[in-house]
Amino acid sequence: MAQKGVQLDRETFSCSICQDVLKNPVTTSCDHNYCMRCIRAHWNKEEDEKRMYSCPQCRQMFTPRPVLLKNTMLAALVEQLKKTGLQAAPADHCYAGAEDVACDFCTGRKLKALKSCRFCLVSYCEQHLQPHYEVAAFKKHKLVEPSRKLQHKGHDTVSAAAERTERQTELERSRLNIQQRIQDREKDLKELQQEVEDICSSADEAVEHGEETFTELIRLMERRSSELKRQVRSQQEAEVSRVKELQEELEQEIRELKRRDAELEELSHTEDHSQFVHSYRSLPALREDTHSSSINIRPLRHFEDVTAAVSELREKLQDALRDHWTNISLTVTQVDVLLPQPEPTTRAGFLRYAQQITLDPNTAHRNLLLSEENRKVTLVNQQQSYSDHPDRFTDWSQVLSRESLTGRCYWEVEIRGRWGFGVAVTYKSIRRDGRTKDSGLGLNDKSWSLYCDTNSYQFYHNSVQTPVSGPWSSRVGVYLDHRAGVLSFYSVSETMTLLHRVQTSFTQPLHAGVQIYYPGSCAEFMNLRQSEVVSGTLG
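Residues numbered from 1 in each chain as written. Predicted model: local features only at pLDDT ≥ 70, side-chain atom pairs only at ≥ 80, totals over all residues. Heavy atoms only, no water.

(A) Representation of the overall build of the chain within the structure. Looking only at helices and strands, the chain has 8 helices and 20 strands in total. Out of the 539 residues in the chain, the part that is buried amounts to 30%. Across the chain, the fraction of contacts at a sequence separation of at least 24, relative to all contacts at a separation of at least 6, is 59%. Accessible surface for the chain amounts to roughly 35000 Å². Of this, 52% is attributable to carbon and sulfur atoms. (Helix = DSSP H or I, 4+ residues; strand = E, 2+ residues; numbered from the N terminus. Buried < 20%, exposed > 50% of the residue type's maximum accessible area, 1.4 Å probe, protein only. Contact = heavy atoms within 4.5 Å. Areas by Shrake-Rupley, 256 points an atom, 1.4 Å probe, with all protein chains shown as cover.)

(B) Local environment of helix α2 (residues 36-46). Buried within α2 we find Met 36, Cys 38, Ile 39 and Trp 43. Along the axis of α2, the buried residues cluster in a sector spanning 170°; they form a single face. Residues of α2 that are exposed and point more than 90 degrees away from the buried face comprise Arg 37 and Lys 45. In this fold, the buried residues of α2 make contact with β1 (25-27), β2 (33-35), β3 (53-54) and β4 (61-62). (Arc of directions from axis to C-beta.)

(C) View of the sheet that holds strand β20 (residues 522-525). Strand order in this open sheet of 7 strands is β8-β9-β20-β11-β16-β17-β18, and the pairing throughout is antiparallel. The strands lining the two open edges of the sheet, one partner per strand, are β8 (368-371) and β18 (496-503). Strand after strand, the sheet turns through a mean of 20° between neighbouring axes, direction not considered. Bridge analysis of strand β17 (residues 486-492) against β18 gives 7 bridges, and the strand direction is antiparallel. Across the sheet, residue Phe 489 finds its bridge partner in β18, namely His 500. (Pairing = 2+ DSSP bridges. Axes fitted to C-alpha atoms, helices over the stretch in contact; angles between N-to-C directions.)

(D) Here's a closer look at helix α4 (residues 126-134). Taken together, the buried positions of α4 are His 128, Leu 129, Pro 131 and His 132. Buried positions in α4, seen along its axis, are confined to an arc of 135° and lie on one side of it. On its buried side, α4 packs onto β5 (115-117), β6 (122-124) and β7 (143-144).

(E) Spatial organisation of the sheet that holds strand β10 (residues 398-400). Overall, antiparallel pairing links the 6 strands, which are arranged β10-β19-β12-β13-β14-β15 in an open sheet. A single partner strand is all that each edge strand has here, and the edge strands are β10 and β15 (464-468). Across the sheet, the mean angle separating the axes of adjacent strands is 20° when strand polarity is ignored. Bridge count for strand β14 (residues 456-461) against β15 is 5 bridges, and the pairing is antiparallel. Bridge pairing in β15 places Tyr 460 opposite Gln 465.

(F) Focus on a negative patch on the surface. Together, Asp 204, Glu 205, Glu 208, Glu 211, Glu 212 and Glu 216 give the surface a local cluster of negative charge. Along the polypeptide, Asp 204 turns up in helix α5 (residues 160-268). What makes Asp 204 exposed here is its relative accessible area of 52%. (Patch = residues over 30% accessible without salt bridge, like charges linked within 9 Å, V, L, I, M, F, W, Y side chains within 5 Å. Salt bridge = Lys/Arg side-chain N within 4 Å of Asp/Glu carboxyl O. Lys, Arg positive; Asp, Glu negative; His and termini not counted. Charge placed at Lys NZ, Arg CZ, Asp CG, Glu CD.)

(G) A look at the packing of aromatic side chains. The full count for this structure, using the stated rule, is 13 aromatic pairs. Ring centres of Tyr 427 and Trp 448 lie 5.6 Å apart, and the angle between their planes is 80°; this geometry places the pair in the edge-to-face category. Remark: Trp 448 occurs in strand β13 (residues 447-453) and Tyr 427 occurs in strand β12 (residues 421-427); sequence separation between them is 21 residues. According to the relative accessible area criterion, Trp 448 is buried, its value standing at 4%. Three or more aromatic residues link up through ring pairs in this structure, and these residues are Phe 350, Tyr 353, Tyr 410, Tyr 479 and Tyr 490. Residue placement shows Arg 432 over the ring face of Phe 393; its charged tip is 5.2 Å from the ring centre. Stacked on the ring of Trp 396, the Lys or Arg Arg 435 has its end atom at 4.0 Å from the ring centre. (Phe/Tyr/Trp six-rings, centres within 6.5 Å; stacked < 30°, edge-to-face > 60°. Lys NZ or Arg CZ within 6 Å of the ring centre and 35° of its normal.)

(H) Highlighting the environment of Gly 407. Secondary-structure assignment places Gly 407 in the loop between β10 and β11 (408-416). For Gly 407, a relative accessible area of 27% corresponds to the partly exposed category. Taking the C-alpha atoms as reference, Gly 407 lies 5.1 Å from His 482; in sequence the two are 75 residues apart.

(I) Main features of the side chain of Thr 363. Considering the arrangement of structural elements, one finds Thr 363 in the loop between α8 (347-351) and β8. Residue Thr 363 is classed as buried on the basis of its relative accessible area of 3%. Of the polar contacts made by the side chain of Thr 363, one reaches the backbone oxygen of Asp 360; its length is 2.8 Å. In terms of polar contacts, Thr 363 uses its side chain to reach the backbone amide nitrogen of Leu 400, at 3.0 Å. Residues contacting Thr 363, with those up to four places away along its chain left out, are Asp 391, Arg 392, Phe 393, Gln 398, Val 399, Leu 400 and Arg 432. (Polar contact = N/O pair within 3.5 Å; in protein donor to acceptor, adjacent residues only side chain to side chain.)

(J) The arrangement of the nonpolar core in detail. Core analysis: the largest hydrophobic core is formed by 38 residues, its most contacted members being Val 377, Trp 411, Trp 448, Leu 450, Leu 487, Ala 523 and Phe 525. Among residues more than four places away in sequence, those in contact with Leu 487 are Val 425, Trp 448, Val 478, Tyr 479, Leu 480, His 500, Arg 501, Val 502 and Phe 506. Residues Phe 13, Ile 39, Tyr 53 and Cys 55 belong to the second largest nonpolar core, which totals 20 residues. (Core = buried A, V, L, I, M, F, W, Y, C linked by side-chain atoms within 4.5 Å.)

(K) Structural detail: the pattern of salt bridges. For the coordinates displayed, the defined rule picks out 15 salt bridges. In this structure, Asp 433 engages Arg 431 in a salt bridge whose closest nitrogen and oxygen atoms are separated by 3.0 Å. What makes Asp 433 partly exposed here is its relative accessible area of 40%. Within the structure, one salt-bridge network assembled from shared partners comprises Arg 347, Glu 412, Glu 414 and Arg 475.

Written out as structure tokens, the structure is:
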């Protein structure tokens, strides 16, 4: 009896992993005890990408990996057990021999099985059998005396060979699937490599062409500069020569006048009256004065005209470079490969793609007044003094953005006044003159427009009207993913609600636009900054 009691105590203080007395014991949250070194080694082997860990006895899962501390009370009991001289390993009769049924759960040297479970088809020692007594789900299992050949009464059995055949088939299917995915990814990889080569080649060609073009422009400017210099210097030489010739004439005349004045002075001192009269009459007549009493210097206005013309040319070149440089810069698009970017779901997400929109005065109808640094447009009765320009809308009260839009962009338009607005995007090639469908935003295949009327919306493209439902708001948000062909309009208030989405294929850069129908109404493209982020999900 004493021996049996000692053995029970001995098993209580043993580690189920190493089957030895606990060393530096720790206890899991499921109340099972292990050597700290043993359980750490077990979890290190078990660790995978899922970061889930199990108890070797009851199989309870833990995530994240538990932080285990030394169980000081259990350690003290183990030390007390060692002092009784019972620190030797369990008696040999506790271990499974050749004729015994071994515990299937024990690691290392296995203990004898106390029971076998017909449901689990597993044999357990006393310690590993405890969950069948404690866990409600296990209490219905059929426990029998330890048996090496567990019978499956009431169950269909499958041989290991048949099971292997079925699993082998699944394995082959999995391998075929994996191999197909490998081929697909290798194909994608080749396409990506080709894309890289195409990007580099295209960039090299663009840079080379740009350098040649700008070199030609520089040479042209240098030639024009030299020609201007030659013309001005030639004119300068001619004018200076003419002036010097006039100077010489005047100097000669002055010398003659001084000589005559000296002769007259000398004659005035003659005392003989007859000689005075005779000498005076014999003097030659003065040449007729061909010059006015004073020289009026005429400013050389033609040189000032040259300066003004050069200044005007400089301003036109600067305007052209600024306008076209914006297009050049925005034409360099990003490369979206394999995984397209999803449309944002919050206003904060949209603001990541915020695009500053400024309106182009050269496109504005003459009854549209621009203000707020060309971000606000108002329809007025008085025509503005805009210069003639081929980009100007002559009949529709419309205006376009200076910026051309590619990639992913987001902007917001605040509309105020009497309702009747078209918030739109369009190709630059849209017609500008005449009140026809070819020039109206949304009435042709070059433009897309959300018409905002009193508490209602309609969408127009190529003169096709689509009713749009959604909450009314004075602010409309527009999201463009040019490469993906996505154009979305949102009602913006405390939350954002999708009004209409277009899925198409854009073939040219786009320009933002707005159309106003009633005088006094205005639309403003908001200056969106990252600091203006307002939380809110899409409805």
